[in-house]
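If you want the building blocks of each chain, they are given just below.
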Amino acid sequence: MIQLTDINKYYSVGHNKLHVLKGIDLNIQGGELVSIMGSSGSGKSTLLNILGILDSHDSGEYRLAGHVIDSKLTQKKAAWYRNHLIGFVFQSFNLLSFKNAMENVALPLYYQKVSRRERNKLALEYLDKVGLKEWAEHLPSEMSGGQKQRVAIARGP
Ligand code: ADP
Ligand code: MG
C-alpha cells in the first residue's frame, strides 16, 4: 500500500541544507497499523507530510497503492489520491468553523460526488461511531478539544 525506497528530504535553512530524511525505506501493507516514533525534530511530521502528498521528497521513490508519487504528479491527480487514498487527522483538526459537525464529516463525500442526502446519512453514522451523534448540529466552537478530534476522526476514511 505504502512503499518508500531510499527517500531523502532536505530543507534549505539560509545557505545551509538540512538533511532531514536520510534514505528511508518503509513498507506498509493494507490493514497494517503503524506508529512512527522519534524525538522532537527527528522528521516525523516531514515524513507524514510526504506520505500525505502535502510535501514532496527530494530523491528516492514513493509508491502509494502502486502509483508513483513524485513532483511530476499533477495537482488534479494529487487531489484525487488525497481524497480517495489518504485520511489525515491533523493536530489542529482543520474543521471548518462555519460548518456543523455533520457538515464537516460530510465534506470529503461532497468531493466524492455523493448526494447530499446520502452524505448526511453517512456522516451521522460516522458521528454515531465516535459517540457524537447528538452533536451533529453543533459548530466546532461549541465543542471540546476531544470532541473536535473525534469529529476529525469521523471525517477520516
Ligand atoms: P518532528 O515532527 O519529528 O518533530 P519535523 O519533521 O517537524 O520533526 O522536523 C524535522 C527537522 O526539520 C527539524 O529540525 C525542523 O526544525 C526542520 N524543519 C521542519 N520543517 C521545516 C521547514 N519548513 N523549513 C526548514 N526546516 C524545517
Ligand atoms: Mg511533528
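Everything in this summary refers to the structure shown in the same document. (Residues numbered from 1 in each chain as written. Chains lettered and ligands numbered in written order. Predicted model: local features only at pLDDT ≥ 70, side-chain atom pairs only at ≥ 80, totals over all residues. Heavy atoms only, no water.)

Bringing the overall build of the protein into the picture now. Across its full length, the protein carries 5 helices and 4 strands. Listed by position from the N terminus, the elements making up the protein come as β-β-α-β-β-α-α-α-α. Judged by the C-alpha coordinates and their principal axes, the protein covers about 50 × 30 × 30 Å. Each of the 157 residues in the protein was classed as buried or not, and the buried ones make up 29%. Residue pairs in contact within the protein that sit at least 24 positions apart in sequence constitute 55% of those at least 6 positions apart. When the accessible surface of the protein is summed, it comes to about 10300 Å², and 51% of that surface belongs to carbon and sulfur atoms. (Helix = DSSP H or I, 4+ residues; strand = E, 2+ residues; numbered from the N terminus. Buried < 20%, exposed > 50% of the residue type's maximum accessible area, 1.4 Å probe, protein only. Contact = heavy atoms within 4.5 Å. Areas by Shrake-Rupley, 256 points an atom, 1.4 Å probe, with all protein chains shown as cover.)

Glancing now at unusual backbone geometry. In this structure, Asp6 takes a positive phi of about 50 degrees despite not being glycine. With a relative accessible area of 43%, Asp6 lands in the partly exposed category. Although it is not a glycine, Ile53 adopts a positive phi angle of roughly 55 degrees.

Our next topic: the nonpolar core. Formed by 17 residues in total, the largest nonpolar core has its most connected members in Ile53, Tyr62, Leu64 and Ile69. Looking at this core, the elements that each hand over two or more residues are strand 1 (2–13), strand 2 (16–28), helix 1 (44–51), strand 3 (59–64) and helix 2 (75–85). Grouped together as the second largest cluster of nonpolar side chains are 14 residues, Leu95, Val105, Val151 and Ala152 included. (Core = buried A, V, L, I, M, F, W, Y, C linked by side-chain atoms within 4.5 Å.)

Taken together, the neighbourhood of ligand 1 is formed by Tyr11, Leu18, Val20, Ser39, Ser40, Gly41, Ser42, Gly43, Lys44, Ser45 and Thr46. Ser42 is positioned with one of its backbone polar atoms (N or O) 3.3 Å from an oxygen atom of ligand 1. Elements with a minimum of two residues in the shell around ligand 1: strand 2 and helix 1. Among the elements that make up the shell around ligand 1, the one with the highest residue count is helix 1 (3 residues). Within the shell around ligand 1, the residues separate by chemical class into 3 nonpolar, 7 polar and 1 charged. (Near = heavy atom within 4 Å. Polar contact = N/O pair within 3.5 Å; in protein donor to acceptor, adjacent residues only side chain to side chain. Nonpolar A, V, L, I, M, F, W, Y, C, P; charged D, E, K, R; others polar.)

With that settled, consider the sheet that holds strand 2. Sheet strands pair by backbone hydrogen bonding; their relative direction is either parallel or antiparallel. Spatially, the 4 strands line up as an open sheet ordered 2-1-3-4, and their pairing is antiparallel. Two strands in the sheet have a free side with no partner beyond their single neighbour: strand 2 and strand 4 (67–69). Strand-to-strand twist across the sheet, computed as the mean angle between neighbouring axes with direction ignored, equals 35 degrees. Two strands pair when backbone bridges link them, and strand 1 and strand 3 are joined in this way by 5 bridges, in the antiparallel orientation. Of the residues in strand 3, the one forming a bridge with Ile2 is Leu64. Relative to the sheet, helix 1 contacts strand 1, strand 2 and strand 3, its axis offset from that of strand 1 by approximately 120 degrees. (Pairing = 2+ DSSP bridges. Axes fitted to C-alpha atoms, helices over the stretch in contact; angles between N-to-C directions.)

Space inside the largest pocket adds up to approximately 1100 Å³. Lining the largest pocket are 30 residues, with Val34, Leu48, Leu51, Gly87 and Phe88 positioned closest to its centre. With 5 residues, the single largest contributor to the lining of the largest pocket is helix 1. For the lining of the largest pocket, the class distribution of residues is 18 nonpolar, 10 polar and 2 charged. Quantified by volume, the second largest pocket comes out at close to 660 Å³. Lining the second largest pocket are 23 residues, and of these Arg82, Asn83, Ile86, Pro108 and Arg155 sit closest to its centre. (1 Å grid on protein atoms, 1.4 Å probe; cavity = no way out; pocket = protein on both sides within 12 Å on 5 of 7 lines; lining within 4 Å. Points joined across faces, edges and corners; volume = space filled by probe spheres on them.)

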